[in-house]
Structure formats: C-alpha cells, structure tokens
Amino acid sequence: MNLLSSLFLFGLFFFLKGCFDRCENKTERIVFVLAVLLKIVGAFGVGFLYSSYYSGGDTFNYLHDLELLDSQSTDGFFFCEQPRAWFFVRLLYPIYQLSFSNYWVLAVNLSVMSFAATWFFYQELQRLGIKRWPARLALFFIPSVVFWTSGLMKETIAYAIINLIFVILLRVYRKATFLGAHLLEFVLLLVVLFYLKYYLFAPLLLVSILFFVGHFTKGFLSITQLVWTLSGVAFFVSITVSLLHPNMNFSFFLEALFNNYTRTLQHSSPEAIIPLSYDGSLLSFIANMPIALFTGFFRPLVFESWNWFSFLLSIENLCILILFGWFLLSTVKVPQFKNQMFLLLSVGFIVFLGIVLPIASPNYGSLVRYRVAYYPLFVLLVLQNFEYKKRV
C-alpha cells in the first residue's frame, strides 16, 4: 500500500505540474502556486484548529472511523448511525489508504483535489467572458472559503463537486452536447452530492436541468414559450426532488427547517447564535427572508464578533459589504457574460441558499462553513460587476 500511496502522490504532483505548465502567463502561474499553497496551509489550519481550539470535532471523528475501517473493526464507529456522514467516511476510505493512512497527508490530498476542481471551474469561467481578477479573488483568495474547503471536511468534497458540476454545465454550453462522459460525470457527481448534502443537491439539480432545457431549446422557442417551458420544468423537477427525500417535500420543508433551527439553537453558545425569530410557519419564513439573506452574505458584522476568529470573519464580511454597497449606489448594469441563462440561474442558486441556510443553521460558526457552497459565486458576481462598471 505504501507503493500505491507513493504513486498516488506522484500522480497528484505531476497533475499539478501539468496544470501549472498550461498557465498562460507569469501572473497566472503565481496565482496557481499561491492558491495551492493556501489550500495546503488551510488543511493544516483546520487540523490545528480542531485539535487545539475545539479539542476534537468532526474532522477527527472522521479519522477515528477511517482508522477503525482500516483495522477491520466492527463497532465503535462515530458515524455508522448517521447515513450521510457514514457515506462520507466510506467514500474517503480508498483515498485514506492511498494517503499512507495518515490524517495530515489525507487532509492535504483532499485540499489539492478540491483546488483542482476549482481551477477547472476558473478556466471555464475565462471562456465564459469573466474577467480574471474577480474570478481569481472569489475562487482562490476569500479566507473563509479557502479555510473551510480544505482538509478532512465534508465541505471540501461538496465544494469540489459543485465546481465540477458547473464545469460540466459550461462545457456543455460551449460544445452544445450532453452525451457520453459528460452525462456519466454529471449523474455520478449529483448522486454523491445527494448522499453528502441533499440540501445542496436539490437546488443544484433544478438549476442544472433548467440550464439544459434553456440551452437546448434556444432558438426554437419564443421568450414567452421559454418562460412557460422553464416554469413547467421547474415544477416537475421540484415534485420529483421532493420524492427523493422527505425534507425536500414542500409539506415537510418548513417543518424540517424548524427542526434544524431549534436543534442548532440548543447546541449553540449564546454569542454565536444568529438572532432570528422563526416559528416554522410560512409567514415566519417569509418574514425572515430579508434578514436571513443579509446574514447569509454579510454577517457577523464587526460589532457582532465575540472572539478573534469571528472578528477576522467580520472584517472579511465588511469588505464584501462595502463592495456590494458600492455596487448598489452605482448605476446597476448587468455584467456582459456570454451566457445570461447561467448568470440568472446562478443568482437563483445563491439567493435560495443564502436564505435557507441561515434559518436552518442560526449559528455563525456553522454558517460560515455551509455558505462556502454559494459565497464564492456571490462575491464573483459583485466583483465582476465592479470590473464591468470600471471599464464603462
């Protein structure tokens, strides 16, 4: 197994070298190296944070179960009664074996693999017409995103899957085909995401299918017909998705949201609680939407911080809030992307998660981890519009 682990590491190294060699210029090579190094630092940072500050946590509980699997134990597992966490452990087990059965090597390998998926997404965004500096900053240099998508965490894998799904969408857009390898990759990624985080699977499946329908019917339908077609498809997909998991059924959605809301409050320290007032009703959900969306993008604010970690996060949020405020106070113009359908569906994905996740998990500490699914896209759109208006 040590030989296979060595070959795996060499394979990752030469893969990164190949990506580095294909960088277009010196600046892009510098960005590539810095981004890889930050992900590696993030992997060690997550481990040190959980070992010293939290004195344990999910990342080391995953390691515990991986070690028991490696020793062929039959009991003592942390996550065997939690289907999604257990699926994650089983998914990682082959990579764990190829990482010398070592926590730190595994953490670095996962970080590098997550980076690779993000780099592919970055390359596709260039072909879509996104300016380079907004894409680089949003995807590789937001501190909270870099940190919480590194190491032995479910977010590391989920973030990579989301980026790879967006890569497939954009490649289909460029090549106008959805056959063979693209179809297989798309289905496999969605299946894995469903078992990891179903609340990300549902909106991403809807966005993807709407994208494909809109793309392949372009030129055949009028605007009115396209709107009605997409509305019908959205309704059909929503009904289908609701059958896959009870929490995605609208009749149970608000109840599941409320259960997660109360469970999070019970296990949160007072200073980390997001001050919402949600009672599980539809009216309460609607009433909380504006503050939840603001929270999902910009909180905690500086005066809401309670320790050094939350203070650093609040500074990051403040920077994005200032840029967003500049955007709102300026003449609003839609960025000139080559694919406006992708832009609109991305906004829908961002807004949906930006509302639901703060309500489902009213804890600043957990929210900063969960929001990595949509936050880079949000920052990208803000910065891209900034760049666009600067050029006008």
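Below, the discussion takes up the overall build of the protein chain. The helix and strand tally for the protein chain stands at 17 helices and 0 strands. Long-range pairs, those at least 24 residues apart, make up 72% of the contacts in the protein chain with a sequence separation of at least 6. Only carbon and sulfur atoms are counted for the fraction: they give 69% of the accessible area of the protein chain, which is about 18,500 Å².

Next up on the list: the packing of aromatic side chains. To describe a pair of aromatic rings, you give the distance between the ring centres and the angle between the ring planes. A complete count under the given rule lists 46 aromatic pairs for this structure. An angle of 85° between the planes, with centres 4.9 Å apart, marks the rings of Phe147 and Trp148 as edge-to-face. For the pair Phe147 and Trp148, one class covers both residues: buried. With 3.9 Å between their ring centres and 5° between their planes, Phe297 and Phe378 make a pair best called stacked. Within this pair, whereas Phe297 is found in helix H13 (residues 282-298), its partner Phe378 is found in helix H17 (residues 375-391), the two being separated by 81 residues in sequence. On the basis of relative accessibility, which here comes to 6%, the residue Phe378 falls in the buried class. In this structure, Arg369 is placed above the aromatic ring of Trp148, and the distance from its NZ or CZ to the ring centre is 5.9 Å.

Most often, soluble globular proteins keep nonpolar side chains buried together rather than apart. Counting residues in hydrophobic clusters, the biggest one holds 118 residues, and the most contacted among them are Trp119, Phe121, Leu152, Phe166 and Phe378. Sequence-distant contacts of Leu152, defined by excluding residues within four places in its chain, comprise Thr59, Tyr62, Leu63, Leu66, Phe88, Leu92, Tyr103, Leu106, Ala107 and Leu110.

Space inside the second largest pocket adds up to approximately 520 Å³. Along the wall of the second largest pocket there are 26 residues; nearest its centre are Ile142, Pro143, Ser144, Phe147 and Glu316. For the lining of the second largest pocket, the secondary-structure elements that each account for two or more residues are helix H2 (26-53), helix H6 (132-140), helix H7 (143-148), helix H14 (308-329) and H17.

Pairs can form between side chains of opposite charge once their charged atoms are near each other. In the structure shown here, the tally under the stated rule is 10 salt bridges. Of the charged contacts in the structure, one is a salt bridge between Asp21 and Lys17, with a shortest N-O distance of 3.0 Å. Of this pair, Asp21 and Lys17 both sit in helix H1 (residues 2-21), 4 residues apart, which is roughly one turn of that helix. The class of Lys17 is partly exposed, set by a relative accessible area of 41%. Where Glu316 meets Arg371, a salt bridge forms, and the shortest distance between an N and an O atom there is 3.1 Å. Linking Glu316 in helix H14 with Arg371 in the loop between helix H16 (364-370) and H17, this pair joins segments that are 55 residues apart in sequence. One exposure class covers both Glu316 and Arg371, and it is buried.

A few words on the packing of H13 against H14. Direction vectors running N to C along H13 and H14 enclose 115°, while the axes themselves pass 9 Å from each other. Contacts from Phe294, Phe297 and Phe298 in H13 reach Asn317, Ile320, Leu321 and Phe324 in H14. Tallied by class, residues from the contact of H13 with H14 come to 6 nonpolar, 1 polar and no charged.

Attention shifts here to the environment of Ile130. Mapped onto the fold, Ile130 is located in the loop between helix H5 (103-128) and H6. Exposure remark for Ile130: the relative accessible area of 5% places this residue in the buried category. Sequence spacing of Ile130 and Leu381 is 251 residues, and the spatial spacing of their C-alpha atoms is 9.3 Å.

Here we come to the side chain of Ser208. Along the chain, Ser208 falls in helix H10 (residues 198-216). Side-chain polar atoms of Ser208 contact the backbone oxygen of Leu204, separated by 2.7 Å.

Take empty space enclosed by the protein next. By the definition in use, this model includes 4 cavities of 30 Å³ or more. The calculated volume of the largest cavity comes to roughly 70 Å³. Residue lining of the largest cavity: Ala35, Lys39, Phe115, Thr118, Leu139, Phe140, Val145, Val146, Thr149 and Tyr159, and that is the complete set. Only H2, H5, H6 and H7 provide two or more residues apiece to the lining of the largest cavity. When the residues that make up the lining of the largest cavity are grouped by side-chain class, the tally is 7 nonpolar, 2 polar and 1 charged.

So, how was this worked out
Residues numbered from 1 in each chain as written. Predicted model: local features only at pLDDT ≥ 70, side-chain atom pairs only at ≥ 80, totals over all residues. Heavy atoms only, no water. Helix = DSSP H or I, 4+ residues; strand = E, 2+ residues; numbered from the N terminus. Contact = heavy atoms within 4.5 Å. Areas by Shrake-Rupley, 256 points an atom, 1.4 Å probe, with all protein chains shown as cover. Phe/Tyr/Trp six-rings, centres within 6.5 Å; stacked < 30°, edge-to-face > 60°. Buried < 20%, exposed > 50% of the residue type's maximum accessible area, 1.4 Å probe, protein only. Lys NZ or Arg CZ within 6 Å of the ring centre and 35° of its normal. Core = buried A, V, L, I, M, F, W, Y, C linked by side-chain atoms within 4.5 Å. 1 Å grid on protein atoms, 1.4 Å probe; cavity = no way out; pocket = protein on both sides within 12 Å on 5 of 7 lines; lining within 4 Å. Points joined across faces, edges and corners; volume = space filled by probe spheres on them. Salt bridge = Lys/Arg side-chain N within 4 Å of Asp/Glu carboxyl O. Axes fitted to C-alpha atoms, helices over the stretch in contact; angles between N-to-C directions. Nonpolar A, V, L, I, M, F, W, Y, C, P; charged D, E, K, R; others polar. Polar contact = N/O pair within 3.5 Å; in protein donor to acceptor, adjacent residues only side chain to side chain.

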